[in-house]
Structure formats: C-alpha cells, structure tokens
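# Remarks on the overall topology
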Amino acid sequence: PKDKFVDRNALALVETPVSTLTWHPVPHIAMVEAVESAIINRGLIIDSERFGLARDQQKMFGVITLMRENNPEWTHCIGVRNSHDQSFAAGLCCGVSVLVCSNLCFGGEFVIKRRHTSGIDILSMVEETMDAIVFISWDQLQLWVVQQNAATRVEEVQDVRNEQMYNLLGQQAD
C-alpha cells in the first residue's frame, strides 16, 4: 500500500526538502520529538504512539496517547501532522479523542495549525497544545465528578483541579 504505519526510526530517515525564501519545511521527526519533550517536561508519560507516512513520505500523521492520570475513565491524545509537499500546514490537536487521517481529516477538542513559513515556531505550537490539555482536563474532570457523584462539593473539585494543574504546569516553573 502507498500509505503505511511506521516507527520513529522511519520518521527520522525521511529527508526534509530544502527551504526556500518563503517556505520552511519541518522535519517529521522534529514535530514528534518536540511533542515528546513537552510531555516529559510536564511529568506526563506516553502510553502509546502510532505514526503513518503517505504520498512518498511527504505527509506524516500520528497519534500519541498519554497514560491515564488519577482516573479510570479517560486519557488524553495528541494528534500530529506535517507535510513536506506544501499540501497542508503543520498541525497539532489534542483531546480525549482526536481524529488524524491521511485523507486530511484532522480534529480534536483543540486544534492548532501553522503554515511552513519563515516564522513557523513548532515549540510555541506544542506549548499551546499542552496548555490546552490542562483546560480540557478541567472540563472533563467537572463532567466526570458530576456523573460520579452529584453531591460532590465545589471545594473538593477545586482541590482536585488545583492539584492537576500543578502536576501539568508545575513542571514549567522548575
């Protein structure tokens, strides 16, 4: 088949085209490693990852699933996509569920895309995505608490939220 699933080693072997004055492609592996670094810096753990290459390795798609944190009900995923053929912008998405497909479907509770221009900043894209996970976690936690125990006091939810935000964001302050 033209499209295939690959590991990180295969992503690292994909040759990145030479930049022009206005177009600056990002190596596929650089996108993935930037996400991994942000995950580790925030004290989170990758549970699984799956990557695919399409159209002669010019398009990369992937999903990184994080380990469950303090709950049995949900986990977070981060979707990654990148192109070397100018067909679409570099993108990240996150949420409890994400959709990343070689047919250009790309979505989650949070989505950020940037064109491959001289001003592309992958690290800021990754940080925005990781910050979004904090707020998605808070929203998901509120829904879960309501479903599990309608009598839970607001103060208890705030304590859990504050602890979760410290765990996700506290690593940055160090």
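Residues numbered from 1 in each chain as written. Predicted model: local features only at pLDDT ≥ 70, side-chain atom pairs only at ≥ 80, totals over all residues. Heavy atoms only, no water.

## Examining the overall build of the protein chain
We apply this condition: The secondary structure listing takes helices from DSSP runs of H or I that are at least 4 residues long and strands from runs of E that are at least 2 residues long, numbered from the N terminus. Between buried and exposed lies partly exposed: a residue is buried under 20% and exposed over 50% of the maximum accessible area for its type, with that area taken using a 1.4 Å probe on protein chains only. By definition in these notes, contact holds between two residues if any of their heavy atoms fall within 4.5 Å.
When you go through the protein chain residue by residue, the secondary structure sums to four helices and eight strands. Counting from the amino terminus, the protein chain carries its helices and strands in the arrangement β-α-α-β-β-β-β-β-β-β-α-α. When the 174 residues of the protein chain are sorted by exposure, 41% land in the buried category. In the protein chain, the proportion of contacts linking residues at least 24 apart, taken out of those at least 6 apart, comes to 53%.

## Considering the sheet that holds strand β3 (residues 59-66)
Note the cut-off: Note on pairing: two strands pair once DSSP finds at least 2 bridges between them. In this description, a line fitted to the C-alpha atoms serves as the axis of each element, helices being fitted only across the stretch in contact, and the angle between N-to-C directions of two axes falls anywhere from 0 to 180 degrees.
Pairing in this open sheet of six strands is antiparallel, and the strands run β1-β2-β3-β4-β5-β8 from one edge to the other. Strands at the two margins of the open sheet, each flanked by one partner only, are β1 (4-6) and β8 (110-114). Strand-to-strand, the axes of this sheet are offset by a mean angle of 20°, without reference to chain direction. Here strand β5 (residues 90-95) runs beside β8; their pairing, made up of five bridges, is antiparallel. By the bridge assignment for β8, A90 is matched with R114. Across the sheet, helix α2 (residues 28-41) lies against β2 (46-54), β3, β4 (77-83) and β5, angled at about 155° from β4, the strand it touches most.

## Details of α2
The cut-off we apply is this: Residue count minus one, scaled by 1.5 Å, sets the expected span of a helix.
Along its 14 residues, α2 runs 21 Å from first to last C-alpha, staying within 8% of the 20 Å computed at 1.5 Å per residue. Along α2, the residues that are buried comprise H28, I29, M31, V32, A34, V35, A38 and I39. Just past α2, the residue G43 takes up positive phi, approximately 75°.

## Details of the state of the cysteines
The cut-off we apply is this: Disulfides are defined in this document as cysteine sulfur pairs within 2.5 Å.
What the rule picks out here adds up to zero disulfides. C77 takes part in no disulfide bond, and the closest cysteine sulfur, belonging to C93, lies 8.9 Å away. Left without a disulfide partner, C105 is nearest to the cysteine sulfur of C101, which lies 5.5 Å away. For C105, a relative accessible area of 34% translates into the label partly exposed.

## Regarding unusual backbone geometry
The phi angle of most residues is negative, glycine excepted, and most peptide bonds adopt the trans form. You will see that D56, though not glycine, has its phi angle at about 60°, which is positive. Position of D56 relative to the elements: it lies in the loop between β2 and β3. Relative accessible area serves as the criterion here: at 70%, D56 is assigned to the exposed category.

## Details of the pattern of salt bridges
Going by this rule: Salt bridge, as used here, is a side-chain nitrogen of Lys or Arg placed within 4 Å of a carboxyl oxygen of Asp or Glu.
On inspection of all chains with the given rule, the structure shows five salt bridges. We note a salt bridge from R8 to E49, for which the minimum N-O separation is 2.8 Å. Note that R8 is positioned in helix α1 (residues 8-13) and E49 in strand β2, a separation of 41 residues in sequence. For R8, a relative accessible area of 18% puts it in the buried group. We note a salt bridge from R42 to D131, for which the minimum N-O separation is 2.9 Å. Remark: D131 occurs in helix α3 (residues 122-148) and R42 occurs in the loop between α2 and β2; sequence separation between them is 89 residues. Where salt bridges share partners, they join R8, E36 and E49 into one cluster.

## Concerning the side chain of R42
The line we're drawing: Pairs of N or O atoms are called polar contacts if they sit within 3.5 Å, as long as, within protein, a hydrogen donor faces a hydrogen acceptor (for residues adjacent in sequence, only side-chain-to-side-chain pairs).
On the accessibility criterion, R42 (2% relative accessible area) is buried. Here the side chain of R42 touches E127 through a polar contact of 2.7 Å, side chain to side chain.

## Re the side chain of T75
With respect to the helices, strands and loops of the structure, T75 is situated in the loop between β3 and β4. Separated by 2.4 Å, the side chain of T75 and the backbone oxygen of L66 make a polar contact. Discounting residues that sit within four places of it in the chain, T75 has contacts with T65, L66, M67, R68, G95 and V96.

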